[in-house]
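# Structure assessment
Here is what each chain is made of, one letter per residue.
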Amino acid sequence: MSPSTHHRSSSSPAVHAAVVGLQWGDEGKGKIVDLLTSRYDCIVRYNGGANAGHTVQVGTERYALHLIPSGILGSGKINIVGNGVVVDPEKLLDEVDGLRKRGVHVGDNLRISDRAHVVMPYHKEQDAALEELLEKKSGKSGAGQIGTTRRGIGPAYSDKVRRSTALRMGDLLDHALLLRKLETICGLRMAELEALGASVTPLIPEQLAARFAAAGERLRPHITDTVYLVHDEINAGRSVLFEGANACLLDIDHGTFPYVTSSNCSTLGIPAGSGVPGRMIGKVYGIMKAYSTRVGGGPFVTELLDETGNRIRARGREYGTTTGRPRRCGWLDLVAVKYSVMVCGADAIACTLLDVLSGFDELKICVGYRRPDGSVTDRFVPDAERMNGFTPIYETLPGWERELTACTDRDDLPREAQAYLGFVENFVGIPVELVSVGPERSQTFESSQRFAAAH
Ligand code: GDP
Ligand code: IMO
Ligand code: MG
């Protein structure tokens, strides 16, 4: 290969960017990726699996994407499911079929890493069986469980790390190899399921191999070495947007362990999950909803178990895109957000769901934690046990009455809403560059001038 193929064809180097959630997921990453897609050539998912649920609203049409990057709704883009993702092939095919039925083009604009690991039906059984076992052991519903999406994410990543029981998307393209691997896996897996107390339906290697080789055949045109693909695109001068699934506080290393997911969903997962060095990413958008939510178990210092929490849930329609579970709701926790900005290297914030906060007399923002011994800290503690008994230290800001859904500019916002955003910028130290006031594409505006003006 001549050295010239490694030089960009355009004169100005493309700036690659990332979109990442700064809280516990469901910040509106799908909406923001869809919006930014027009500025990039390739959209790359680097982590997670069908535990993600990214909603994109185009006019009155709502799309829920789980495995396919939200860039699929933009035309002429390459959408890549990177090696760091765990792929449930049948779910992926359902998603492809569902999009095609609605007239969305899915063809060579969707590429899947041959090294992405496969989520098999037994992973979902293991996921559910372990959750049920933990629930029984704790004697009280909910306690002890992680509250997973039961999409098989943890068990699939466990197999990846264990190596000898793992399957990768490339394996689905070789029926004989797939069968050989499943012959080893099935017996062992049945014993493991039995040990978890699951009612085990026999895992028959031939049946599973036939079923997943068939899925592999349908996916064959999409499966490729996406690491070379993305570097070829970059070398040809094209720009890449990385789409984070889940969020920084669910990161396996940096989130509220063990109430996290099983991948590096902060931007630190990008290099490993896509094969692109972190230093090539020029811009990181941290997505922050204007309050906090989380689904499943784990620490949530600003959680509101009262009418105010219910009101936020109702106004924000806070029910899971993937599981339909009601999301736990609470005030904005800036200690947590500032920590995520640090870990992810975020350059700018996109503040979403600001419209949900209309109609409250006052709004609280968490700026510190009080430990059970009465001492205070402004540092996040990414460990559930060590966060036990933390209570929030709040600043109270005035609320606003007016609905924001028709606002098109930061100056259009009520003074109190502008002050709310200003408070975030001053506390976290980076600008709020995008503001979202509704689910639709048009309900978003840029506001990059403000931070500079305030300093
Ligand atoms: P993601 O997982 O981060 O992509 O977020 P989800 O799609 O799971 O959840 C965000 C929800 O909020 C979706 O239903 C979006 O349509 C909706 N949404 C996004 N931005 C806004 C906004 O600014 N205002 C309102 N009201 N809804 C929004
Ligand atoms: P998006 O991309 C919200 C949570 C689950 C559970 C924990 C572990 O839509 O923001 P898992 O099934 O991953 O083993 O569950 O992580 N979780 C999410 N919560 N949004 C998500 O994704 C999530 N992905 C995982 O609720 O508490
Ligand atoms: Mg979601």
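Going by the structure above, here's the rest.
Residues numbered from 1 in each chain as written. Chains lettered and ligands numbered in written order. Predicted model: local features only at pLDDT ≥ 70, side-chain atom pairs only at ≥ 80, totals over all residues. Heavy atoms only, no water.

On to the coordination of the magnesium ion (ligand 3), then. Bound to the magnesium ion (ligand 3) are the protein donor atoms Asp 26 (OD) and Gly 53 (O), situated 2.0 to 2.2 Å from the metal. On the criterion of sequence distance, the pair formed by Asp 26 in the loop between strand 1 (16–21) and helix 1 (29–36) and Gly 53 in the loop between strand 2 (42–45) and strand 3 (54–58) is long-range, its members being 27 residues apart. Take Gly 53: its relative accessible area is 11%, and that puts it in the buried class. (Donors = N, O, S within 2.8 Å, 3.2 Å for Na, K, Ca; no water. Helix = DSSP H or I, 4+ residues; strand = E, 2+ residues; numbered from the N terminus. Buried < 20%, exposed > 50% of the residue type's maximum accessible area, 1.4 Å probe, protein only.)

Ligand 1 sits among 18 residues. The nearest are Lys 29, Gly 53, Thr 55, Asp 355 and Ser 436. One of the side-chain nitrogen or oxygen atoms of Asp 26 is found 2.9 Å away from an oxygen atom of ligand 1. For ligand 1, an oxygen atom lies 2.8 Å from a polar atom in the backbone of Gly 30. Coverage of ligand 1 by the protein chains reaches 94% of its 580 Å² of free accessible surface. Of the residues forming the shell around ligand 1, the biggest block, three residues, is contributed by helix 1. A class-by-class count of the residues in the shell around ligand 1 yields three nonpolar, eight polar and seven charged. (Near = heavy atom within 4 Å. Polar contact = N/O pair within 3.5 Å; in protein donor to acceptor, adjacent residues only side chain to side chain. Areas by Shrake-Rupley, 256 points an atom, 1.4 Å probe, with all protein chains shown as cover. Nonpolar A, V, L, I, M, F, W, Y, C, P; charged D, E, K, R; others polar.)

What follows deals with the nonpolar core. Ranked by size, the top nonpolar core spans 72 residues in total, and within it Phe 242, Met 288, Ile 349, Leu 354, Tyr 369, Phe 380 and Tyr 420 carry the most contacts. One finds Leu 67, Ile 112, Ala 129 and Ile 223 within the second-largest nonpolar core, a separate group that totals 42 residues. (Core = buried A, V, L, I, M, F, W, Y, C linked by side-chain atoms within 4.5 Å.)

Moving on: the state of the cysteines. Under the counting rule described, the total for this entry stands at zero disulfides. Left without a disulfide partner, Cys 351 is nearest to the cysteine sulfur of Cys 407, which lies 13 Å away. Classification of Cys 351 as buried rests on a relative accessible area of 1%. Classification of Cys 407 as buried rests on a relative accessible area of 6%. (Disulfide = S-S within 2.5 Å.)

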